[in-house]
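Structural description and commentary
Residues per chain, in single letters:
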Amino acid sequence: MNTKKTVALVLGSGAARGHSHIGVIQAIEDRGYEIISISGCSIGAIIGGVYAAGKLSEYREWALSLDKVAVIRLLDMSFFNGGYIKGDRFFEKIQSLVGTPDIESLPIDYTSVAVDLLNQKEFWFQRGSLIDSMRASSAIPSIIYPVNLNGQLYVDGGILNPLPIIPSVSAGADYIIAVDLNGPADGVLKEKAEELKAKESEEGPAWWQTAKELFSRDGEDTKPKYSAESWGRLQTINMMFETMQESLTQYKVAGYPPDLLISIPKDITGFYEFWRSKELIDFGYDVTQKAIDDLESPSKSYHSFPKGY
């Protein structure tokens, strides 16, 4: 007889910070809980989908192998179509890990949240291609191409619902645990965020130094294909997007409070810094261990980490 407490897990959007979701999942399982449902948005939909397909360990191994050059190469930017990132290389890798399963074939309930752009409404993928659902949920507006499925255009679900709690309610789990990647830095979280950011080169952002090295010839400092102006635009768009998501997340949590809210500081890393996977995975693991301690304490009915958020 299975006596494990069950969890419906909600994984929020936040680009590279989403690799902390890997540590969160590992910690939940290590504490003896069983995840029976996952709903996710953007990177949360990707990590959640990989986990639901039983390939999280393989994804983790690949994530830990990423360095700055590998990440830059994954950003297959199209210079003939407004500087959009196509995302083909990234999802080719995902498909090589998980194959091409349908959502209905997964062993646990799975929901990927995207936005139907033409009808201007939230859309839940609970059937059909897992890869398509991940891709639709993570198409960040003005950065990654919208996804065309059956004549409908889909973009990142974070536009309307960066922390999709409602799909998890019907799972009937003992606990709903939500992971917000757009939280404020506070206490130990701020200290860890500052530790990571201190590793940046004094010569400029790490991604810029890497891009210059990648697109130079024989050590000569030729002009990189990714211009400072282009990257500045992407950074500005992303910051605007994250500001919107933070506000929406607070609204969603207020309307449908989970049993446990785990908050990852939004300034722990840049949205493209996937080469920091080890720090982010470890961080997600440590934070979740502390959060579960809070959940298991008898002091109150609603729990969040850091406390008071």
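This structure is a prediction, so every number in the text was calculated from the model and none was measured. (Residues numbered from 1 in each chain as written. Predicted model: local features only at pLDDT ≥ 70, side-chain atom pairs only at ≥ 80, totals over all residues. Heavy atoms only, no water.)

1. Quick word on the pattern of salt bridges
- For the structure on display, the rule yields 6 salt bridges.
- For Arg31, the salt bridge identified is with Asp293, shortest N-O distance 2.9 Å. Here Arg31 is found in the loop between α1 (20-30) and β2 (34-41), whereas its partner Asp293 is found in helix α11 (residues 277-296), with 262 residues between them in sequence.
- Classification of Arg31 as partly exposed rests on a relative accessible area of 25%.
- Residues Glu296 and Arg31 are paired through a salt bridge, measuring 3.0 Å at the closest nitrogen-oxygen approach. Separated by 265 residues along the polypeptide, Glu296 in helix α11 and Arg31 in the loop between α1 and β2 bring together distant segments of the chain. (Salt bridge = Lys/Arg side-chain N within 4 Å of Asp/Glu carboxyl O. Helix = DSSP H or I, 4+ residues; strand = E, 2+ residues; numbered from the N terminus. Buried < 20%, exposed > 50% of the residue type's maximum accessible area, 1.4 Å probe, protein only.)

2. With respect to the environment of Ile25
- Turning to its location among the elements, Ile25 is positioned in helix α1.
- Separated by 31 residues in sequence, Ile25 and Leu56 have C-alpha atoms that sit 9.3 Å apart.
- Not counting residues up to four positions away in its chain, the partners in contact with Ile25 are Leu9, Leu11, Ile35, Ile47, Tyr51 and Leu56. (Contact = heavy atoms within 4.5 Å.)

3. Comments concerning the packing of α1 against α11
- For the pair α1 and α11, interaxial distance at closest approach is 6 Å and the crossing angle is 40°. One finds that α1 runs oblique with respect to α11. The chirality of how α1 crosses α11 is right-handed. Taking contact as the criterion, the partners of Ser20, Ile22, Gly23, Val24, Gln26, Ala27, Ile28 and Asp30 in α1 are, on α11, Leu280, Ile281, Gly284, Tyr285, Thr288, Gln289 and Ile292.
- When grouped by side-chain class, the residues that make up the contact of α1 with α11 number 8 nonpolar, 6 polar and 1 charged. (Axes fitted to C-alpha atoms, helices over the stretch in contact; angles between N-to-C directions. Parallel < 35°, antiparallel > 145°, perpendicular 65-115°, else oblique. Left-handed = near helix turned anticlockwise from the far one by under 90°. Nonpolar A, V, L, I, M, F, W, Y, C, P; charged D, E, K, R; others polar.)

4. Points about the UniProt feature "active site" (unreviewed entry) in the protein chain
- Feature annotation in UniProt places "active site" (unreviewed entry) on Ser42 and Asp156, given in this structure's numbering. Look at the named residues: they lie 115 residues apart in sequence, but the longest C-alpha span between them is just 5.9 Å, so in the fold they bunch up.
- Looking at the secondary structure, you find Ser42 in the loop between β2 and α2 (43-52).
- A relative accessible area of 5% means that Ser42 is categorised as buried.
- With residues near it in sequence (within four places) discarded, Ser42 still touches Ser13, Ser137, Ser138 and Asp156.
- Looking at the element boundaries, Asp156 is found in strand β6 (residues 152-156). (UniProt positions renumbered as here; feature names shortened; annotations may be inferred.)

5. Observations regarding the confidence of the model for the protein chain
- A residue-level look at the protein chain finds 74% of positions with pLDDT of 70 or above and a mean pLDDT of 82.
- With pLDDT under 50 throughout, residues 200-231 is counted as low confidence; its partners more than four residues away or in other chains account for 42 contacts. (pLDDT = per-residue confidence, 0-100.)

6. Side note on the packing of aromatic side chains
- With the rule as written, the count across this model stands at 8 aromatic pairs.
- Taking the centre distance of 5.5 Å and the plane angle of 65° together, the rings of Tyr59 and Trp62 count as edge-to-face. Placement of both Tyr59 and Trp62 in helix α3 (residues 56-65) is noted, with a separation of 3 residues, approximately one turn of the helix.
- For Tyr59, a relative accessible area of 0% translates into the label buried.
- We classify Trp62 as buried; its relative accessible area is 12%.
- Ring centres of Phe123 and Tyr154 lie 5.3 Å apart, and the angle between their planes is 55°; this geometry places the pair in the tilted category. Here Tyr154 lies in strand β6 and Phe123 lies in strand β4 (residues 121-125), a separation of 31 residues in the sequence.
- For Phe123, a relative accessible area of 29% gives the class partly exposed.
- An aromatic cluster is present here, built from Tyr59, Trp62, Phe90 and Phe91 joined pairwise through their rings. (Phe/Tyr/Trp six-rings, centres within 6.5 Å; stacked < 30°, edge-to-face > 60°.)

7. Notes on the nonpolar core
- By size, the foremost hydrophobic cluster in this structure holds 68 residues, and its most contacted members are Leu9, Tyr59 and Ile94.
- For Ile94, the contacting residues outside a window of four places in its chain are Ile46, Val50, Tyr59, Gly99, Ile131 and Met134. (Core = buried A, V, L, I, M, F, W, Y, C linked by side-chain atoms within 4.5 Å.)

8. Observations regarding a nonpolar patch on the surface
- On the surface, a nonpolar cluster with roughly 280 Å² of combined accessible area is contributed by Trp124, Ile166 and Tyr256.
- Mapped onto the elements, Trp124 comes out in strand β4. (Patch = residues over 30% accessible without salt bridge, like charges linked within 9 Å, V, L, I, M, F, W, Y side chains within 5 Å. Areas by Shrake-Rupley, 256 points an atom, 1.4 Å probe, with all protein chains shown as cover.)

9. Considering unusual backbone geometry
- One non-glycine residue with positive phi stands out, namely Gln120, at about 55°.
- Within the fold, Gln120 resides in the loop between β3 (109-116) and β4.
- We classify Gln120 as exposed; its relative accessible area is 69%.

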